[in-house]
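What follows is the residue order along each chain.
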Amino acid sequence: MEYQNMTNEQIKRRIEWIDRELFYIDMKDRWDACDWSLVHEYEKEKRELQAILEARIEK
């Protein structure tokens, strides 16, 4: 996904969506049955998005 072309608001919404997905997995107690590679991808994407957002805010 090309994050650089996303607005700050789009990045924030994407981070919120990732948080909801991870929360859903946790609340449904689906950690044992989940695809761990997907969880790791969500976490990696969230870190990347947060870094981009922080860099833009610091400017």
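Conventions used here
- Residues numbered from 1 in each chain as written.
- Predicted model: local features only at pLDDT ≥ 70, side-chain atom pairs only at ≥ 80, totals over all residues.
- Heavy atoms only, no water.
- Salt bridge = Lys/Arg side-chain N within 4 Å of Asp/Glu carboxyl O.
- Helix = DSSP H or I, 4+ residues; strand = E, 2+ residues; numbered from the N terminus.
- Buried < 20%, exposed > 50% of the residue type's maximum accessible area, 1.4 Å probe, protein only.

Caption draft 1: Seen up close, the pattern of salt bridges. All told, the structure shown has two salt bridges when counted by the stated rule. Here arginine 14 makes a salt bridge to glutamate 45, at a shortest N to O gap of 2.6 Å. One end of the pair, arginine 14, is in helix H1 (residues 8–27); the other, glutamate 45, is in helix H2 (residues 36–58), and 31 residues separate them in sequence. In this structure, the salt-bridge partner of aspartate 19 is lysine 46, at a minimum N-O distance of 2.4 Å. Highlighted residues: aspartate 19 in helix H1 and lysine 46 in helix H2, separated in sequence by 27 residues. Overall, aspartate 19 belongs to the partly exposed group, its relative accessible area being 31%.

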